[in-house]
Amino acid sequence: MKKIVWGLMLSLITLATGCSWMPWQRTFQPATFSDLPGWDNGEAKGLKTSLMHSCEVYQKRSGPVSDNALFGTYEQWHPLCDQLSETDGNALTAFFQQNFDVYRVAPWEDGLFTGYYSPLLYGSRQPSERYHVPLIDKPADLVMFNPKDFGMEKDTVLKGKLNRGWLIPYDDREGINRRFAKGHYRDDVVLWVDDTVDRFFLQIQGSGFVQLDTGEQVYVRISGRNGHPYFAIGRYLKREGLLETVTMQSIRQWLKDNPDRLEEVLYQNRDFIFFSERPEGGPIGAQGVILTPDRSAAVDRSIIPLGTPLWLETTLTADDSHWAHAMTAQDVGSAIKGKVRADIFFGAGKEAAANAGHQNAGGKLYVFVPRTKEKNR
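A brief look at the structure comes next. All of these numbers come straight from a predicted model, not from anything done at the bench.

In this section: the environment of Phe113. Within the secondary structure layout, Phe113 lies in strand β3 (residues 112-118). Under the relative-accessibility criterion, Phe113 is labelled buried at 0%. For the pair formed by Phe113 and Thr317, sequence separation is 204 residues and the distance between their alpha carbons is 9.8 Å.

Another aspect to go through is the pattern of salt bridges. Going through the model one piece at a time under the given rule, you end up with 15 salt bridges. Ionic pairing is found between Arg371 and Asp101, a salt bridge with its closest N-O pair at 2.8 Å. Taken as a pair, Arg371 in the loop between β18 (363-370) and α12 (373-376) and Asp101 in strand β2 (residues 100-105) lie far apart in primary sequence, 270 residues in all. The class of Arg371 is partly exposed, set by a relative accessible area of 22%. If you follow the salt bridges from partner to partner, you end up with Asp141, Lys161, Asp171 and Arg179 in one network.

So, on to the environment of Gly285. With respect to the secondary-structure elements, Gly285 resides in the loop between β12 (273-278) and β13 (296-299). The buried category is assigned to Gly285, whose relative accessible area is 2%. In this structure, the C-alpha to C-alpha distance between Gly285 and Ser207, residues 78 residues apart in sequence, is 9.2 Å. Setting aside chain neighbours within four positions, we find Gly285 in contact with Arg221, Leu291, Gln330 and Asp331.

At Ala106, a position not held by glycine, the phi torsion is positive, near 40°. Structurally, Ala106 is set in the loop between β2 and β3. Using a relative accessible area of 0% as the deciding quantity, one classes Ala106 as buried. Positioned with a positive phi, Tyr185 is a non-glycine residue whose angle comes to about 70°. Within the secondary structure layout, Tyr185 lies in the loop between α6 (173-181) and β9 (189-193). The exposure class of Tyr185 is buried, given its relative accessible area of 6%.

Another point: helix α11 (residues 350-358). Those residues of α11 not exposed but buried are Ala352, Ala353, Asn355, Ala356 and Gly357. On its buried face, α11 is in contact with β3, α9 (248-257), β14 (309-316) and β16 (341-348).

Before going further, it helps to spend a moment on the sheet that holds strand β5 (residues 133-136). In spatial order, the strands read β5-β9-β4-β10-β11-β12; together these six strands make up an open sheet with mixed pairing. At either margin of the open sheet sits one strand with a lone partner, and together these are β5 and β12. For this sheet, the mean angle separating the axes of adjacent strands, direction not counted, is 45°. The sheet contact formed by strand β11 (residues 217-225) and β12 spans six bridges and is antiparallel. Pairing of Gly224 across the sheet is with Phe274, part of β12. Across the sheet, α6 touches β5, β9 and β12, and the angle it forms with β5 is around 110°.

Cut-offs used in this document
- Residues numbered from 1 in each chain as written.
- Predicted model: local features only at pLDDT ≥ 70, side-chain atom pairs only at ≥ 80, totals over all residues.
- Heavy atoms only, no water.
- Helix = DSSP H or I, 4+ residues; strand = E, 2+ residues; numbered from the N terminus.
- Buried < 20%, exposed > 50% of the residue type's maximum accessible area, 1.4 Å probe, protein only.
- Salt bridge = Lys/Arg side-chain N within 4 Å of Asp/Glu carboxyl O.
- Contact = heavy atoms within 4.5 Å.
- Pairing = 2+ DSSP bridges.
- Axes fitted to C-alpha atoms, helices over the stretch in contact; angles between N-to-C directions.

From the geometry alone we can't say anything about function, so treat these as descriptive.
Listed below in structure tokens is the structure:
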């Protein structure tokens, strides 16, 4: 019904004004800060925490932020970032309200908001009976190419490997495990961990921490992937009648309780993530900045450019409470596709894992865009 109503409204406005609607006008609808329940100086302060990381990237760039003119230029952001760094206390709310316009993203869509976190695994730099599951770095035989470089229209990075002069798809999850069992990738192992299921969920999250047997804690993050599409194994478990309620916790428990079917289920997801040890000491998003718990989100960057301030309103599935916060778009995900779609970064630890594992709810999504000089007049 919502989609029908909005469709009729857009049609009536088009007929009344004689104007055709641009794509961004259909997707982004004007709103105000009064539409954001809970917006206050505390939220403005939280937004500054994450946004200043994105400012470090924005201040090094020039030109349009995206193909969508609504999001302005990096030059517009330069003075805003300078001013934001010097603004604090009660002045923060006024800063955002005076310098940004609010737009709601596709109001006719219910959206989907999930969550992710930084897991903690236990491992070693040397293999042993306990530490037998490898974290593998991007292998040398993984070839990446962009069809557009060969005169084709498609602009995307594809992965494969060479076989007798032919470029073929790279091995899927099962194929990589089989090759490893035959002795491949031994020089590519970064660390050894103690649990296959933990590695699988680390691959879903994309980064995390490993507590080594020496007492050292190291940070690892994605260094590449094999190029096969991601598939949620929860869908398989539900389709086969093996799980009724699908959450990260219920999937993990099922895998622990059914070790004889572990490979069968994990191999449904042909996607395989490679890792490298990183010195940053914290989770880094696709924008190349450190993620802030409850203040960073993964989005579909074809809709919302990285670095964009957001207001995300949803239900916290773990306890069915209302959840609304100012955030910054700083990451992406293979499953994060669509207009009203975001993945909330909840941080690290048991509470973050519980919130991320259960999170699956609709809601509202807003973006903040720099106000032009014309609008300031």
